[in-house]
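Chain and residue survey
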Amino acid sequence: MEILGEISELLQKGRAKNVKVLVQQALDEGIDPKKILNEGLLSGMMIIGEKFKNNDVFVPEVLVAARAMNAGVAILEPKLIEVGNKPIGKAIVGTVKGDLHDIGKNLVVMMLKGAGLEIHDIGVDVEAEDFISKAEEVEADIICMSALLTTTMPSMKTVIEALNEKGLRDKYIVMVGGAPVSESFAEQIGADYYTPDATTCAEVAKKAVIEKVG
Amino acid sequence: MSDITIVKQFENVIKQEEVFKLIDCYKESDIYEEVVEEYEEVKQNVLSLLEPYGVFGVEKTCEERDIEALQGKKECIYVALTIGNKVTQYSNALFKEGDYLKGMLVDAIADAYLFSMEKGMEESIRQVCAKHKRGIEKRLEAPHDIPMTFQKKIWESLQLKERLNIDLSDGYMFNPVKTIGYVLVLSEDEKLFEIQHDCSKCPSINCKNRRIPTVQIEVLNEEGSHKISCKKGENLLEVLRRNKIFPNAICSGKGVCGKCKVRVVSGELPLTEADSKKLMESEINQGYRLACMAQVQQPLTVEVLRADAHFEVLTHYEEENKVALEQSEVDNRIEKDYIIAIDIGTTTLAVGIVEEATGKMTDITSAVNRQRAYGADVISRIQASNEGKGKVLQELIRQDLWQGIEVVIKKGNISKERIKRVVIGCNTTMGHLLMGYSCETLGVFPFTPVNIGTIRGSFKEILGREDLECEVILLPGISTYVGGDIVAGLLACHFETRQEVALFVDLGTNGEMALGNKDKIICAATAAGPAFEGGNILWGTGSIEGAISRVHFKEGTMQYETIGQKPPAGLCGTGVIELVAELVKQELIDETGLLEEDYFEEGYPIATTLDGESIVLTQKDIREIQLAKSAIRTGIEILLESYGVTYDQVETVYLAGGFGFNLDKDKAITIGLFPEAFKNKIKIVGNSSLGGAIYYGTHKEAEENVEHIGKVAEEVNLSTNKNFNEFYMEHMIF
């Protein structure tokens, strides 16, 4: 289906308007909205993420591609709901208690959406309780926590401990990230994954959620 | 606190280039113009939302015993700058709407503005300093120079809540986020004015605003001295790699394998935890450090020697099926045509030049695959490629191959036009890296390759240069883990015409094997691990000079031979196998693999190095060998069972690869790598990947033969076989 390839190409170039037009056209042609999402939009995002990792493109190119993706999804969404399409998984994303940094978290949210997950952005300075109650409320698969300071990193542990206490730990995939966070810290506090950047986070989240849901 | 000064007027000096630098937007980008447009669009909005305030004051008593930078210091200036919360809200709102580019730009403009405010404060601070007859010795910032908790002190002293409505979070972070605070330590020297952030001490290596001096490093290696430079604080292994100097890094720079050691000749590299763990005391005293954990802080001279440079590379191959051209026809030619045959191994490379008509090898050269600097096995190369090193890896192998090709052409004084084709045998990962394909799918289930077929292209397309104009061919593979090197081996052993069933085994990390004849071939890759190549073995090493390669029990003692008859330096794969075999025979290892009690703790000592260290085989080493040999043996058993043949029905067992080449067949049978019944059937074929590439390059029918092999061959999944576990446990014992 050529049009889907074209959507993917235009998305990678960040052409939000053209993406919108083509997504509408694809719908008019009767192409399955799920197919448009997966083979047009999400596949384009995957390619741009890969290019970013290889240093072929930089942050701005990813930003415009993600924006184009968003524009396409806006057209597609009502149809996706109609056909009962479910996202591959749901994730809660927030910066932990005591920490107010938002830009890194915002980029993570953007990339996770680009990987086809349903995202609940619960902001910054989030209490452990709020991570958990929101995750329970929306029946999330993943809890993503961000911390940019050594002083706020322990809040990640608090969330994991609270999950353990409630016997909910096994229910969620817990992912952590942020400048001072490391693989060994993640291991130490019992998180499932540490990822060094937003692109890797999206990749790992996607794989993990597919494994979990099966 | 005295002399509290509040500054509200700041010049609007936002420089587009600084903002763009913060978000990595460059003129070469396809979307540069678009970003400029959007920048212009949001810039005015940001300016209208700014609420810039600066405040500072002099603190006469701010000695902190627990903070190194403030010990004994009496006077400081505390500074805080903010632009308020509205810009952050604007940025967040844009992100929520999905207008990510604008959101990011707004955030970057805010940062650029905040940094520029520092400049705007300078004059007022200078005046206060002059009044007190003080200079500024240095600037301190949390969390690098002073702990985050100190921000509370700044917050309280400057009364930030009351004056500017700035809050402090539980993590000692100022709210609004776009607020910075720092401490200026005063000096009696009035002339000093070190008010700038000292980037050289800051650990944020990747910061876009990093302004730091470069450090010169002189590197000494086999090729002489190289002068290179890096930024202060950079990782030494990264710096070396960037300058095309590749120490061994089997673990790919995680501080685990201990192989990337360099010797500091002058200057200093502080001892790291990994150094203490992985290096011997004598080495540390001699100045050895692990490059992967070292941060360059000052000018250095380091010696980077590669033990691997002396790797024994297998260039021998079986020559039983040479072309039988009429001699006269060949001699009558004025100038001969040639082909180049290449084996790309994960560890080593071999490049041979061969007469097209006769298949006679005129010259051959070999080298270590420099991709090894990114890890010893295919898995770590796949990881490196996935982490954005794909281009570097491709460039490395292209360079290595070209060097080899240049050597053989020059040695034989062969004109480039006479080279008709280049044929390459290699495993699937090596092929992907050479072609620059993504390796994403190679490492995860269901392990799908990007391209497994025969790959043909011009010299330029595949090797990236125009020195030769001939075609380059990569032999096809069967699956991701049974690649073109194995197909080359099957071709070299003529599976495509064979009536009787034969077994082909390449004894390496992936332990690929194939069983069959012209009608049906089944193959598999076993996860043997690196033990046969000396990996995961305490004193294990590659086939380097000084490696113990042979062990015999004679006259009541264990006697050994080393490669190149050099003083013992470790155990290579064959050395480990032979030692285990002899220990089993002497009953110092029991059937279950348990080492005799006397040696259980310290390991069995086989030799002593020049430095007086004892080379031992440990209990853990034996377990590794058990796992590896059982993996291979299990593979063989499952292939036989799936094919429906017995040991007796196997006519020949071809053993390929460098490790197989030097293996003592009897000892391999002693440890149970092969069944007793194979004793007189094992035939060593050497570098059959190279042999197959030569055959392909010199025989017209080879293309068809390879196609035939591809058609009749299929991969068997060992781990899902119902008898896998049973076999695996059974063959673990000796």
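Residues numbered from 1 in each chain as written. Chains lettered and ligands numbered in written order. Predicted model: local features only at pLDDT ≥ 70, side-chain atom pairs only at ≥ 80, totals over all residues. Heavy atoms only, no water.

1. Looking at the interface of chain A and chain B
Counting residues at the interface gives 31 residues for chain A and 38 residues for chain B. Here chain A packs against chain B, burying approximately 2800 Å² in sum over the two surfaces, 60% of which is carbon and sulfur. Run the count over chain A and chain B and you get six salt bridges. Note that aspartate 170 of chain B is salt-bridged to lysine 97 of chain A, the shortest N-O span being 3.2 Å. Listed by contribution, the elements that provide at least two residues to the side of chain A that touches chain B are helix H3 (33-53), helix H4 (59-82), helix H5 (103-114) and helix H9 (198-213) of chain A. With eight residues, H4 of chain A is the single largest residue contributor to the side of chain A that touches chain B. Taken together, the residues that form the side of chain A that touches chain B break down as eleven nonpolar, seven polar and 13 charged. (Contact = heavy atoms within 4.5 Å. Buried area = accessible area lost by both parts, 1.4 Å probe. Salt bridge = Lys/Arg side-chain N within 4 Å of Asp/Glu carboxyl O. Helix = DSSP H or I, 4+ residues; strand = E, 2+ residues; numbered from the N terminus. Nonpolar A, V, L, I, M, F, W, Y, C, P; charged D, E, K, R; others polar.)

2. Digging into the environment of isoleucine 14 of chain B
Residue and element names in this part refer to chain B. As for its position among the elements, isoleucine 14 is in the loop between strand E1 (2-7) and helix H1 (16-22). Isoleucine 14 sits 29 residues away from lysine 43 along the chain, and the two C-alpha atoms are 9.0 Å apart. When near neighbours in sequence (up to four residues on either side) are disregarded, isoleucine 14 contacts Val19, Tyr39, Lys43, Leu47, Ile109, Ala112 and Tyr113.

3. A closer look at the pairing of strand E3 (residues 76-82) of chain B
For a regular strand, side-chain orientation follows a simple rule: the groups alternate between the two sheet faces. All names here are of chain B. For E3, the tally of buried residues reaches seven of seven residues, placing the bulk of the element in the interior. Side-chain alternation along E3 places Cys76, Tyr78, Ala80 and Thr82 on one buried face and Ile77, Val79 and Leu81 on a second face that is also buried. With seven bridges joining them, strand E2 (residues 53-59) and E3 adopt antiparallel strand pairing. Bridging across to E3, glycine 54 finds its partner in leucine 81. Two elements, E3 and strand E7 (residues 179-187), share seven bridges in a ladder whose sense is antiparallel. Of the residues in E7, the one forming a bridge with leucine 81 is isoleucine 180. (Buried < 20%, exposed > 50% of the residue type's maximum accessible area, 1.4 Å probe, protein only. Pairing = 2+ DSSP bridges.)

4. Some thoughts on the pairing of strand E16 (residues 419-426) of chain B
All names here are of chain B. Of all eight residues making up E16, six are buried, and the element is well covered by its neighbours. In this sheet, E16 lies alongside strand E13 (residues 338-344) in parallel orientation, the contact comprising seven bridges. Bridge pairing in E16 links alanine 341 to valine 423. Sheet analysis places E16 next to strand E18 (residues 471-474), joined by four bridges and oriented parallel. The residue bridging isoleucine 424 from the neighbouring strand is leucine 474, located in E18.

5. With respect to the packing of aromatic side chains
All names here are of chain B. For the structure on display, the rule yields eleven aromatic pairs over all chains. Judged by centre distance (5.5 Å) and plane angle (20°), the ring pair of phenylalanine 724 and tyrosine 728 falls under stacked. On the criterion of helical spacing, the pair formed by phenylalanine 724 and tyrosine 728 is a turn pair, its members being four residues apart in helix H22 (residues 724-730). Taken together, the ring pairs in this structure connect Phe20, Tyr32 and Tyr39 into an aromatic cluster. The positively charged end of lysine 520 is found above the aromatic ring belonging to tyrosine 643, 5.0 Å away from the centroid. (Phe/Tyr/Trp six-rings, centres within 6.5 Å; stacked < 30°, edge-to-face > 60°. Lys NZ or Arg CZ within 6 Å of the ring centre and 35° of its normal.)

6. Quick notes on the sheet that holds strand E22 (residues 547-554) of chain B
All names here are of chain B. As summarised here, the arrangement of the three strands in space is E23-E22-E24, forming an open sheet in which the pairing is mixed. Every other strand in the sheet has two partners, leaving strand E23 (557-562) and strand E24 (570-571) as the edge strands with one partner each. Where E22 meets E24, two bridges bridge the pair, whose relative direction is parallel. For isoleucine 548, the partnering residue across the bridge sits in E24 and is leucine 571. Helix H15 (residues 573-585) contacts E22, E23 and E24 of the sheet and is inclined by roughly 20° relative to E22. (Axes fitted to C-alpha atoms, helices over the stretch in contact; angles between N-to-C directions.)

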